[in-house]
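Examination of the molecular architecture
If you want the building blocks of each chain, they are given just below.
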Amino acid sequence: MQRVHVVGGGLAGCEAAWQLASRGVDVVLYEMRPERQTPAHTTGLLGELVCSNSLKSEELSNASGLLKAEMRLMGSLVMQAAEAARVPGGSALAVDRTVFASFLTARIEQHPRVEVVRQEITELDPSDGQVTVVATGPLTSAQLAQSLKRLTGEEYLYFYDAAAPIVAAESLDMAKLFWGSRWGKGGDDYLNAPMTEAQYETFWRALVAAERYPLKDFEREVFFEACMPIEELAKRGRDTLAFGPLKPVGLMPPGWTDRPYAVVQLRIDNRERTLFNLVGFQTNLRWGEQDRVFRLIPGLENAEFVRYGVMHRNVYINSPSVLRDTGQMRSYPHILIAGQLSGVEGYLESAASGILTGINAWRLVNGQEPLSFPRETMLGALMSYISDQSKETLQPMHAAFGLLPPVAVRGGRRQRRQAQAERAIAALRGFLRDQGLLQQTCD
Ligand SMILES: Cc1cc2nc3c(=O)[nH]c(=O)nc-3n(C[C@H](O)[C@H](O)[C@H](O)COP(=O)(O)OP(=O)(O)OC[C@H]3O[C@@H](n4cnc5c(N)ncnc54)[C@H](O)[C@@H]3O)c2cc1C
């Protein structure tokens, strides 16, 4: 049987390789790190998480929770890694990023059917007929991006993503912070920095006036709403943050009689609880400015920034004209594109698309037609969305109930979502069983 090449050892690439190898296909996985780093990765580990350590909600009535349930059904390696690396995160699945990536690396490197080659791929040659999964992510190296551009004949779209800073626990003034989750959901999983109105005002003024890195390298300035830099949000108005990521509702500091005007939440970033990331604080401020402005937050006066917030280019293809919902390129069906590069947005979404392309690459080398996943499932709906030819351009998409076909049930939003989620799981289970995939992945 033909070997399959997987380019990129991130979340999507690991999942694709795992699906293939688990089904008896030999895989060569090319990963350019550690020899060549991206602007956001710092290790040589496969599946490194470059920003938040949260894989979002676990609840079925949440779109990300549903996607997780679907991934588990398909034997997701990323979900296994997440279980092994879990740290407290309220109703969210938060992980220790080192444990997480180490788990993925070990499972892939130790699989007898996977050969990991640490090399940058700079060119894709469709004429060789080699079944290939390209999963090089939003920070695809420049040369490969050029090659993809030639291959697709499409112009790339660029936009910015942003990462939040991480601070050292020991540098925080715990007397000014308190443990707790919003409305008590999830217990004491977050550290909270409450602010009075005067403190908030000082912080906000400094934030909107702070100096940023110039963004001249990029072709277009488009911020993705879900990852909007905090200074950009702050510029919209004095109270935008206090009604947004810093909203104080459901968080009452001990000993306070009045509700705080705003609350900054710090999320546990590693198992040892020595690191915390500032929730919603993705930023493009200059590093010196991050020191100055973020130290105005009560409790962070002497904060040590273990990693500053950064902003990066995000590369993705214009999938509606390039991809089928099977992950195959329309012009070169033996080349499949997975992960963020394909126009899905998010850790889980990238990983899930890796599962789908892995299954379809396996079918290709077996001489079988690749599969379109049911539209009722979150993964099928996402794939259908990004490959929808009626769209001229694509805004990267994350899991959302709005992508699923509606259901006719009585009750409110929660009941509808529950019904959509149950239908999705039933549809996926039936589909996997009919295709003989359930047995294989669950053994
Ligand atoms: C700065 C930043 C922050 C983000 N924050 C979040 C977040 O908080 N939450 C979230 O859900 N999503 C976030 N995302 C979006 C997205 O979910 C992640 O980027 C996710 O890791 C994408 O998975 P992937 O497998 O597609 O790509 P990646 O995980 O990036 O994997 C791609 C791999 O390919 C390798 N590679 C690149 N080019 C080549 C080449 N030419 N040859 C060989 N190997 C190559 C890279 O080194 C990398 O290991 C963020 C993205 C960025 C850029």
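Residues numbered from 1 in each chain as written. Predicted model: local features only at pLDDT ≥ 70, side-chain atom pairs only at ≥ 80, totals over all residues. Heavy atoms only, no water.

**Observations regarding the packing of aromatic side chains**
Following the criterion strictly, the structure yields eight aromatic pairs and no others. With a centroid separation of 5.5 Å and an interplanar angle of 55°, the aromatic rings of Y200 and Y261 are classed as tilted. In this pair, Y200 is assigned in helix α6 (residues 197–209) and Y261 in the loop between α8 (240–243) and β12 (262–268), connecting sequence segments 61 residues apart. For Y261, a relative accessible area of 25% gives the class partly exposed. One aromatic cluster is present, formed by F203, F281, W287, F294, F305 and Y308 through successive ring pairs. In this structure, R23 is placed above the aromatic ring of W362, and the distance from its NZ or CZ to the ring centre is 5.2 Å. (Phe/Tyr/Trp six-rings, centres within 6.5 Å; stacked < 30°, edge-to-face > 60°. Helix = DSSP H or I, 4+ residues; strand = E, 2+ residues; numbered from the N terminus. Buried < 20%, exposed > 50% of the residue type's maximum accessible area, 1.4 Å probe, protein only. Lys NZ or Arg CZ within 6 Å of the ring centre and 35° of its normal.)

**Digging into the domain arrangement of the protein**
If you check the domain split of the protein, you get domain 1 (4–155 + 317–442) and domain 2 (162–312). Summarising the inter-unit geometry, the C-alpha centres of domain 1 and domain 2 are found 30 Å apart. Each side of the interface is counted separately: domain 1 has 24 residues, and domain 2 has 19 residues. Of the roughly 1600 Å² buried between domain 1 and domain 2 on both sides combined, carbon and sulfur atoms contribute 49%. For the interface between domain 1 and domain 2, the tally reads zero salt bridges. Put simply, the parts of the chain that give the side of domain 1 that touches domain 2 at least two residues each are β4 (86–87) and α4 (97–109). Considering only residue class, the side of domain 1 that touches domain 2 consists of twelve nonpolar, seven polar and five charged. (Domains from an automatic or database assignment. Contact = heavy atoms within 4.5 Å. Buried area = accessible area lost by both parts, 1.4 Å probe. Salt bridge = Lys/Arg side-chain N within 4 Å of Asp/Glu carboxyl O. Nonpolar A, V, L, I, M, F, W, Y, C, P; charged D, E, K, R; others polar.)

**Overview of the site of the ligand**
Contacts to the ligand come from 33 residues, most closely from E31, I121, Q340, G346 and Y347. Between the ligand and the protein, one listed contact pairs an oxygen atom with a side-chain N or O atom of R33 at 2.9 Å. I121 is positioned such that a nitrogen or oxygen atom in its backbone is 2.8 Å from a nitrogen atom of the ligand. Taking 970 Å² as the accessible area of the ligand by itself, protein coverage stands at 97%. Sorting the residues of the shell around the ligand by element identifies α1 (11–22) and α11 (347–365) as the ones contributing at least two each. In terms of residue class, the shell around the ligand is made up of 13 nonpolar, 16 polar and four charged. (Near = heavy atom within 4 Å. Polar contact = N/O pair within 3.5 Å; in protein donor to acceptor, adjacent residues only side chain to side chain. Areas by Shrake-Rupley, 256 points an atom, 1.4 Å probe, with all protein chains shown as cover.)

**Concerning the side chain of Q340**
Summarising the element assignment, Q340 is placed in the loop between β16 (335–337) and α11. A polar atom in the side chain of Q340 sits 3.1 Å from the backbone nitrogen of G346.

**Some points on the sheet that holds strand β14 (residues 305–307)**
Backbone-to-backbone hydrogen bonds join strands into a sheet, with any given pair of strands oriented parallel or antiparallel. Strands sit in the order β10-β11-β12-β13-β9-β14 across an open sheet of six strands; the sheet is antiparallel. Edge positions in the sheet fall to β10 (178–179) and β14, since each has one partner strand and no second. (Pairing = 2+ DSSP bridges.)

**Comments concerning the sheet that holds strand β7 (residues 132–134)**
Pairing is parallel in the open sheet, where five strands are placed in the order β6-β2-β1-β7-β16. On the outer flanks of this sheet lie β6 (114–117) and β16, each paired with one strand and no other. Across the sheet, the mean angle from the axis of one strand to that of its neighbour is 20°, orientation sign disregarded. As judged from the four bridges shared by strand β2 (residues 27–30) and β6, these two strands associate in the parallel manner. What sits directly across from V28, in β6, is E115. (Axes fitted to C-alpha atoms, helices over the stretch in contact; angles between N-to-C directions.)

**Considerations on the pattern of salt bridges**
Taken as a whole and judged by the stated rule, the model has 21 salt bridges. Where R72 meets E58, a salt bridge forms, and the shortest distance between an N and an O atom there is 3.2 Å. A residue pair is termed long-range when its members are at least 10 positions apart, and R72 in helix α2 (residues 63–73) and E58 in the loop between β3 (54–57) and α2 qualify at 14 residues. Classification of R72 as partly exposed rests on a relative accessible area of 36%. Taking relative accessible area as the criterion, E58 reaches 27% and is therefore assigned partly exposed.

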